[in-house]
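Remarks on the overall topology
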Amino acid sequence: MFRKPLLASSVIAAIAALPAYGSSPHSVFISEYIEGGSFNKSIEIANPTESDITLDNYSLAKSVNGGGAWDNLLSLNGYSIAAGDVLVISHTDADAKILSKTDLTNTSVISFNGDDPVALLDSNGDVVDVVGVMGDINFGKDVTLVRLSEYFTPSSTYDANQWLQLGKDNSDDLAMLGAATAPTAFNCLDNDLEPVFTDIQTLQGDGFSSPYVDGYPYESSEEFYVKGVVSAVTSGLTKGFYLHALVDDNDPNTSEGLFVSTQANVSELSPGDVVCAYGKVQEYYNLTQLKIDDDKWVTLDNQEAPQAVAISVLDTDQSFEQTLERYEGMLVELDQTLDMRVTRTFGFDYAAYRNNMVVAHERVNMQPNQLHPAGSLEANLAQAENDDRRLFIESDAKAPNGVIPYYPDFGLYDDDGDGSADDYIRIDDTLTGAQGVITYSYNDYRLIVTNTLSKDNFVHNQPRIDEPDVAAGDLRIATFNVLNYFNSPFGGNDNQFGSNRGAYSDDEFALQQQKIVHAIKGLDGDIVGLMEIENNGFGEGSAIEQLVTELNATIDDEDNHYEYVAVDSNLNDEFDALDSVGTDAIAVGVIYKPSAVKLLETGVIVMPRQDAPAVIIDGEEVESGKNYQRDALAPTFQVLGGKKRITVAVNHFKSKGSSCWEDVAPVEEGGQADQDPDKQGSCEAFRVAAAVALGEALKGGGSYKVILGDLNSYAKEDPMLILTDYTMGQYGKEIRAARNTYIGDEPQFGDEGAVIDQHYGYINAVEMMQPESWSYSYNDEVGALDHILVSKSLKNRVVDAAEWHINGAESSLFAYSGQYTGDLPKYSDIYRSSDHDPAVVELQIYKRGGSMGWGVLFGLIALLGLRRRNLA
């Protein structure tokens with residue numbers, strides 16, 4: 001439809017008065033953008049000239065997440081716009097008000113979100129006019145943008161200052177090309193008399209919410225005049241500006257700051273501006289703010305900008321959350337005395353759906369089940385303490401891939417030429433000197449950083465080291481998850497069990513291989529158990545053969561070269577998959593130094609599978625009941641220098657991420673009804689069955705025993721307790737194994753599953769030597785999923801054990817994959833060669849020469865910090 005143009009004469013007059021912007025031959029431009037709730041999305045294209053314009057040579061385009069390409073196109077052939085009129089294109093399912101003003105509906109281009117630029121393209125695909133910017137940045141989420149009349153001309157570059165920003169779902173101006181102008185600021189003087197101002201501190205109060213807000217609808221019944229000096233202006237995570245009180249009330253329990261929420265364009269505001277605002281006090285998802293209409297504020301004056309205030313903890317603070325609440329809305333600084341420790345490096349936050357970092361007060365957040373039995377009161381208290389101590393470190397704008405907005409040099413340079421980035425962040429670093437405003441969203445306090453950080457702002461409490469920090473024995477055993485090392489797409493053998501899970505290009509694979517090789521070389525283990533290596537055989541062209549070949553090429557001394565344990569299905573009647581370990585696309589593997597140990601036997605331990613009834617809820621199958629574990633590889637070696645034998649069982653238990661029968665079945669049927677009350681993740685009962693199978697398979701025999709690998713269980717979770725020291729009396733909890741499990745064709749546990757009342761007595765070697773050890777970071781908590789357990793006969797032969805924090809402690813931006821890392825340089829060093837940290841144990845299998853006692857000798861070794869290479 002074609003409507004009669006509104007204010008056409010004034011529009012044309014306004015265009016005639018505009019300065020010439022380049023020599024563009026185009027006149028049509030985008031005049032309105034609506035990104036509202038649900039499908040309320042619309043684009044308005046205007047013709048400001050005195051002649052009709054055909055759109056046969058134009059198309060409307062969308063770039064998904066601002067990825068740099070125009071992914072969706074809508075041809076405008078056959079449409080035209082009358083002089084001084086507009087064409088409105090809306091989503092097919094927009095509300096009735098929008099559709100009543102719509103000429104054309106669409107669901108591909110007009111399905112944009114706030115980070116999807118939209119452009120008008122010419123016949124050559126060149127941008128005529130654009131709304132938004134590339135780089136996955138929220139420029140227009142939940143807003144309506146109307147082109148200001150002084151900018152009625154197309155531009156291939158988006159400038160937010162050319163647009164009037166209105167509230168969510170505002171379509172009042174749609175289909176009307178009027179002379180929109182910037183709003184007149186609210187006059188803070190009423191009849192030439194200054195209004196009565198309410199202090200910011202009074203509105204904040206001395207508690208967790210404003211004294212003027214009492215329950216639903218979580219806002220005050222009256223409106224308030226507030227005056228303060230601007231400390232920060234934000235348009236991303238929060239939209240509005242932060243005011244600091246003009247007068248300090250000298251009460252540390254009340255905040256001197258307040259966030260003013262508005263959809264108005266406040267980009268011309270800057271720190272130091274004195275502003276008057278008028279609106280209601282709200283508790284917006286527990287953030288105290290002043291919510292104002294877009295025109296209910298005015299700049300009164302300008303003065304020195306507020307200085308950031310160092311956060312300090314009072315003796316009267318009952319929690320760290322109370323400390324942060326006292327600074328809500330204020331410009332603050334995290335100084336070194338506050339000791340905010342990085343507990344998650346810069347990465348993806350699923351709650352806020354953006355990249356950010358997390359710090360915790362005085363220590364990293366340990367996963368509660370690492371130190372306390374899962375489900376115990378102590379674990380619950382530890383979880384509550386973690387929740388209290390955390391602070392999210394945010395950028396205002398959504399961060400583009402590979403960029404930390406407040407740390408522009410992150411990962412960019414290797415000035416010392418050591419092959420690693422000079423600017424990095426590690427878990428347990430103390431963040432110091434960061435400044436920003438304190439806000440609250442997604443159930444956590446957040447600091448929106450306002451200054452620029454560098455490597456000098458991060459104190460490395462656990463610096464990078466180029467080898468594991470352990471005292472020496474005569475046998476080193478290590479575990480290393482190699483994070484989907486797949487060579488089949490790059491000339492290796494085909495994988496008969498699944499598709500590629502690793503690198504997706506030759507360059508990525510080459511980098512992944514280099515990083516893993518350098519890490520394993522640095523581990524220098526005599527026996528190394530590997531997890532997540534491709535399960536594509538053992539001969540030439542297999543992943544493990546290629547990895548060992550590449551590893552040996554970097555080791556000059558042939559006496560230190562590695563071989564790998566190969567499996568022939570004919571050695572095990574229950575193992576019917578030729579040249580593989582189990583039937584998953586990934587498997588475990590073992591490499592070893594023939595100069596240190598001699599391979600005597602190759603063993604495969606077949607692990608349980610679950611074949612339970614399907615779980616049907618409301619007529620829909622939500623769980624098949626069929627689940628699988630990866631088989632273990634358990635070779636036996638003779639340790640050279642004597643006749644001692646050692647069996648090393650390498651494992652990769654079922655993950656926490658995919659569900660099993662117990663996770664989704666109703667409670668009345670024996671399941672957990674999709675609950676995780678003790679934070680063990682999914683399939684813990686199935687992992688208990690695996691622990692029992694492993695413990696039983698390793699019983700007997702005359703060798704020392706070592707269980708290692710990624711057990712997908714923190715140190716005090718049920719599978720680990722079964723393998724180590726569980727008793728009902730000690731832990732006060734019942735541990736159950738999954739139902740309907742089988743080992744091969746033999747039933748393990750039947751319809752009821754089983755209550756497990758025994759343990760297998762293994763010693764957690766790393767925990768024994770490093771009580772607060774960890775190997776993996778998930779969200780903002782760390783814990784050990786990668787373990788080395790030794791039989792009791794080896795306990796007194798453990799010299800030392802530790803994790804090597806080269807992966808879990810490092811940013812995922814240093815990983816080999818180019819996904820989500822943008823233009824960040826890549827390094828072939830050891831850091832982030834996987835997502836799990838490797839771990840090592842040093843054993844003293846044979847007595848050292850001389851008369852000195854073992855215990856005294858081991859103590860001296862540890863005291864002097866001697867390394868294995870020094871004793872070679």
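Residues numbered from 1 in each chain as written. Predicted model: local features only at pLDDT ≥ 70, side-chain atom pairs only at ≥ 80, totals over all residues. Heavy atoms only, no water.

As annotated in an unreviewed UniProt entry, the protein chain carries the name ExeM/NucH family extracellular endonuclease and comes from Vibrio ulleungensis.

1. As for the side chain of Asn 807
Stated formally: Strands are runs of DSSP state E lasting at least two residues, helices are runs of H or I lasting at least four, and both sets are numbered from the N terminus onward. In protein, a polar contact requires one atom able to donate a hydrogen and another able to accept it; more generally it is a pair of N or O atoms within 3.5 Å, and residues adjacent in sequence count only if both atoms are side-chain atoms. Two residues qualify as a contact provided that any one of their heavy atoms is within 4.5 Å of a heavy atom in the partner residue.
If you trace the backbone, Asn 807 turns up in the loop between strand E49 (798-803) and strand E50 (839-843). Polar contacts involving the side chain of Asn 807 include one to the main-chain carbonyl oxygen of His 836, which spans 2.7 Å. Setting aside residues no more than four positions away along its own chain, Asn 807 makes contact with Phe 480, Ile 830, Tyr 831, Arg 832, Ser 833, Ser 834, Asp 835, His 836, Asp 837 and Pro 838.

2. Notes on the state of the cysteines
The condition that has to hold: Pairs of cysteine sulfur atoms within 2.5 Å are identified as disulfides in what follows. Note on classification: 1.4 Å probe, protein chains only; a residue is buried when its accessible area is under 20% of the maximum for its type, exposed when over 50%, partly exposed between these limits.
The full count for this structure, using the stated rule, is one disulfide. With a sulfur-sulfur separation of 2.1 Å, Cys 660 is cross-linked through a disulfide to Cys 683. Where Cys 660 bonds to Cys 683 through sulfur, the torsion about that S-S bond is close to 100°, and the disulfide is right-handed. Of this pair, Cys 660 sits in the loop between strand E39 (645-652) and helix H9 (661-664) while Cys 683 sits in the loop between H9 and helix H10 (684-697); the two residues are 23 residues apart in sequence, bridging distant segments of the chain. Exposure class is identical for Cys 660 and Cys 683. Each is buried.

3. Quick word on the sheet that holds strand E2 (residues 41-46)
Put simply, the rule reads: DSSP bridges decide pairing: two strands pair if at least two such bridges lie between them. Every axis corresponds to a line fitted to the C-alpha atoms, with the helix fit spanning only the stretch in contact, and the corresponding angles, defined between N-to-C directions, vary from 0 to 180 degrees.
One open sheet accounts for six strands, arranged E8-E7-E2-E1-E11-E12; its pairing is mixed. In this open sheet, the two edge strands, each paired with only one partner strand, are strand E8 (104-106) and strand E12 (163-166). Strand-to-strand twist in this sheet, taken as the mean axis angle between neighbours without regard to direction, amounts to 20°. In this structure, strand E11 (residues 143-147) lies alongside E12, joined through four bridges in antiparallel fashion. If you follow Val 146 over to E12, its bridge partner there is Leu 164.

4. Section: the packing of aromatic side chains
Rules: Two aromatic rings from Phe, Tyr or Trp, using only the six-membered ring of Trp, form a pair when their centres are within 6.5 Å; if the ring planes differ by under 30 degrees the pair is stacked, by over 60 it is edge-to-face, and anything between is tilted. We call a charge positioned over a ring when the NZ of a Lys or the CZ of an Arg lies within 6 Å of the ring centre and within 35 degrees of the ring normal.
Applying the stated criterion across every chain, the model contains 24 aromatic pairs. With centroids separated by 4.8 Å and ring planes inclined at 65°, the aromatic side chains of Tyr 212 and Phe 224 adopt a geometry described as edge-to-face. Of this pair, Tyr 212 sits in the loop between helix H3 (200-204) and strand E13 (219-235) while Phe 224 is found in strand E13, placing the two residues twelve residues apart along the sequence. With a relative accessible area of 5%, Phe 224 lands in the buried category. Pairing Tyr 216 with Tyr 218 gives two aromatic rings, centres 5.8 Å apart and planes at 90°, and the pair type is edge-to-face. By relative accessible area, which is 70% here, Tyr 216 ends up exposed. Using a relative accessible area of 44% as the deciding quantity, one classes Tyr 218 as partly exposed. Note that Arg 739 overlies the ring of Trp 661, its terminal NZ or CZ placed 4.6 Å from the centroid.

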